[in-house]
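# Per-entry structural report
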Amino acid sequence: MSNTVADLPKDLLITDGLKGELLKGHNLKPTEATEKNLLPTAEDVQQEKTHQNILTGIAGFKSDSLKPTETMEKIVLPGEDDIKTEKTIQGVLQGVAGFESENLKTVKTREPASPSSVMQAELARDSSLSAVSDFDRANLKKAETAEKNSLPSTEAIAQEMEHIKFKDGIESYDKSKLSHTETMEKNILPTKEVIALEKSQ
């Protein structure tokens, strides 16, 4: 059984305004659909070839052509500065570990001053400042500063020159002027009286 247009509900029907828009003539421009197929550039082709060559080389690589090698471990020895630093640290650690607390001196902690002593110190400070500020400079006597630069006496200069000459004579002495000598060791034998006295004892 087929339904007629009159039998359809109103919400499914096309309104007159929309029907008029669909049926009236439209001035559309004729266009042609063109399918775009972007070809790769020369750089893209070269990159693709390079990539393919790498993959082919990896896939066809023969591990039999590799040469056997031995891995050598290199032990980097510490430098002279590192050794000195390490020794210093070790010495400090050993000194801390072997420190005897019995060698420490007993120290008494000084407790903070009481409010009354703080007040006394403040009053003394204020009185000192007021005395200094109220001091009359007119009571001071004028004095001139004499700069003394005591020069050495003639005897001191002569002694210093003699000392310098003596040192220069020792330092510049020519050892080649010394004559060769041989040391003779003397061994004194005891006399007859000493021998007789030794025997009688």
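Residues numbered from 1 in each chain as written. Predicted model: local features only at pLDDT ≥ 70, side-chain atom pairs only at ≥ 80, totals over all residues. Heavy atoms only, no water.

### Observations concerning the overall build of the protein chain
Within the protein chain, the secondary structure is distributed over six helices and zero strands. The N-to-C order of helical and strand elements in the protein chain reads α-α-α-α-α-α. Burial analysis of the protein chain (201 residues in total) assigns 0% to the buried set. In the structure as shown, the protein chain presents an accessible area of about 22400 Å², 56% of it carried by carbon and sulfur atoms. (Helix = DSSP H or I, 4+ residues; strand = E, 2+ residues; numbered from the N terminus. Buried < 20%, exposed > 50% of the residue type's maximum accessible area, 1.4 Å probe, protein only. Areas by Shrake-Rupley, 256 points an atom, 1.4 Å probe, with all protein chains shown as cover.)

### Here's the deal with helix 3 (residues 80-97)
Its 18 residues place the ends of helix 3 26 Å apart at the C-alpha level, agreeing with the 26 Å of an ideal helix rising 1.5 Å per residue. In terms of burial, helix 3 is largely open, as just zero of its 18 residues are buried. (Expected span 1.5 Å × (residues − 1).)

### Quick word on a nonpolar patch on the surface
A cluster of nonpolar side chains, namely Ile157, Met161 and Ile164, defines an oily patch on the protein surface of about 260 Å² accessible area. Note that isoleucine 164 resides in helix 5 (residues 154-171). (Patch = residues over 30% accessible without salt bridge, like charges linked within 9 Å, V, L, I, M, F, W, Y side chains within 5 Å. Salt bridge = Lys/Arg side-chain N within 4 Å of Asp/Glu carboxyl O.)

### Focus on the pattern of salt bridges
By the definition in use, this model includes one salt bridge. Of the charged contacts in the structure, one is a salt bridge between lysine 84 and glutamate 80, with a shortest N-O distance of 3.8 Å. Separated by four residues within a single helix, lysine 84 and glutamate 80 lie in helix 3, roughly one turn from each other.

### Looking at the confidence of the model for the protein chain
With 88% of its residues at a pLDDT of 70 or more, the protein chain shows a mean pLDDT of 80. For the protein chain, per-element mean pLDDT is lowest for helix 1 (residues 16-23), which scores 68, and highest for helix 2 (residues 42-59), which scores 88. (pLDDT = per-residue confidence, 0-100.)

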